[in-house]
Structure formats: C-alpha cells, structure tokens
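Here's the letter readout for the chains.
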Amino acid sequence: MKPLFFTLGLSLSLLMGGCAVSPQSIVLSPQAALSGPAYGQGRALAITIEDRRSSSVLGSRGGIYDASSVITISNDITSALLVAAQGAATQLGFDGSSTSAPATLTLILEQLSYDTQSNNLIHTVSIDAKITLVTTVGGSSHTGHYQTQRSHKFPSLPEAQKNQEIISEALSTSLERGFSDISLANFLAQN
C-alpha cells in the first residue's frame, strides 16, 4: 500500500510542478508601418510620450502560482514608443521644413495588458493595447483613442520571444491606427 501512496504522491507533485510558470521580462519594440498619404507636408511635429498604466506588470502567464508568474517589460517603454512615433511621423512627411505652424503630439499609453486562460491543454493569450494621441496646433487640439485587442491560442505557454512578438504587434497596430486616422490628417490640414 505504501508504494501506491508514494507513486500517487510523486505523480501529484510532478503534475503540480509541471504547472508552475516562471515570470518573464521582455523587450518591446513597436513599429508603425504606414502606407497612407504623407499628410505632414514638411510640418514640424514635437512628440512626447506619457505612460499612464496603473502597473508596470502586463499580467500573468498563468499556472498554479498565478500571482508570481508575471510578465513585465525590461526596456524603457516610453523610449521605445518615442522611436516608433518618430518613425511614423517621418513616414507621414513631418520634418520641420515647412513654414506651417508646428504641431505637438502627445502619445499616451493608456493600457497594455496580457492575460492567459487555460482550458483543455489550450492556452489562450489575450492582449489589449490602448493609446491616445493628443495633437495640438496653436490653440486647437485633436484627440483620438486607438485600441487593439488580440487573442492567440497555443498548445503550450509562449516563450519570451513569442510574447515579445505578439505584444509588440498589438502595440504597433494601435500606433498604425492612430497615425493613419483620417480625422487627424484633416485636423492638421485645417490648422
């Protein structure tokens, strides 16, 4: 009888140990690939970034130690967003060579979250990336909110490299939506 309990106990501990998930720290590098018209027309655009997330933790990778299997960003997300926003502005024709009144753009990272749900050995990872762009010219301003939600299914929890890819992709899509917004282009054309 003792060998049966020993085997059962060992199996249970291996099963529980197999469900433990390590925390991850990832590097995000969002990029906006734009194909629309270059509505910047040489205008100067000063860009600032604000991170208004309530926590630096993106979420949990799941597992039996849900509270400690967190996923965080190891690089400076505001610097990464600034590089992406400046690249987007250049693609859209902003460069400071025009005599038009300069514009300022504040990119606000409102939310970047990561959630894992496991069911029947399938892990569903949900990502939510929300930004706000506030553009000002003189005394006029334009505000736009851009959100991307993605779900991915995996047979096993994704490694750090895959998480970097799918989170950067969601953030990049929100950036592309913002900089491609026709109402933003119209606002800048009229001011």
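Predicted model, so just to flag it, every value in this text is computed and none were measured.

Visitor: Even after reading the chapter, I still don't get unusual backbone geometry, so can you show me in this structure?
Guide: Glycine aside, the phi torsion of most residues is negative, and most peptide linkages are trans. In this model, Gln41 sits at a positive phi of 45°, which is unusual for a non-glycine residue. Summarising the element assignment, Gln41 is placed in the loop between strand E1 (24-26) and strand E2 (45-51). Phi is positive for Leu121, which is not a glycine, with a value near 65°. Relative to the helices and strands, Leu121 is located in the loop between strand E5 (103-119) and strand E6 (122-137).

Visitor: Can you walk me through the environment of Ser98 in this structure?
Guide: When you line up the elements, Ser98 lands in the loop between helix H2 (77-91) and E5. In the structure, Ser98 is positioned 54 residues away from Ala44 in sequence and 7.1 Å away in space, judged by C-alpha atoms. Among residues more than four places away in sequence, those in contact with Ser98 are Gln41, Gly42 and Arg43. A distance of 2.9 Å separates a polar side-chain atom of Ser98 from the backbone nitrogen of Ser100.

Visitor: Would you mind showing me how to read the packing of aromatic side chains here?
Guide: The description of an aromatic ring pair uses the distance of the two centres, along with the angle that the planes make with each other. Following the criterion strictly, the structure yields one aromatic pair and no others. Geometrically, the ring pair formed by Tyr39 and Phe94 is edge-to-face, given 5.8 Å between the ring centres and 90° between the ring planes. With Tyr39 in the loop between E1 and E2 and Phe94 in the loop between H2 and E5, this pair connects stretches of sequence that are 55 residues apart. With respect to burial, Tyr39 and Phe94 carry one shared label: buried.

Visitor: I tried to follow the packing of H2 against helix H3 (residues 160-179) on my own but got confused; where do I start?
Guide: Packed helices, taken two at a time, are described by the angle between their axes plus the distance between the axes. At a minimum axis separation of 11 Å, H2 and H3 run at an interaxial angle of 40°. With respect to their mutual orientation, H2 and H3 come out oblique. Handedness of the crossing formed by H2 with H3: right-handed. Residues Ile77, Leu81, Ala84, Ala85 and Ala88 of H2 touch H3, and the partners they reach there are Leu171, Leu175 and Phe179.

Here is what the cut-offs are and how they apply
- Residues numbered from 1 in each chain as written.
- Predicted model: local features only at pLDDT ≥ 70, side-chain atom pairs only at ≥ 80, totals over all residues.
- Heavy atoms only, no water.
- Helix = DSSP H or I, 4+ residues; strand = E, 2+ residues; numbered from the N terminus.
- Contact = heavy atoms within 4.5 Å.
- Polar contact = N/O pair within 3.5 Å; in protein donor to acceptor, adjacent residues only side chain to side chain.
- Phe/Tyr/Trp six-rings, centres within 6.5 Å; stacked < 30°, edge-to-face > 60°.
- Buried < 20%, exposed > 50% of the residue type's maximum accessible area, 1.4 Å probe, protein only.
- Axes fitted to C-alpha atoms, helices over the stretch in contact; angles between N-to-C directions.
- Parallel < 35°, antiparallel > 145°, perpendicular 65-115°, else oblique.
- Left-handed = near helix turned anticlockwise from the far one by under 90°.

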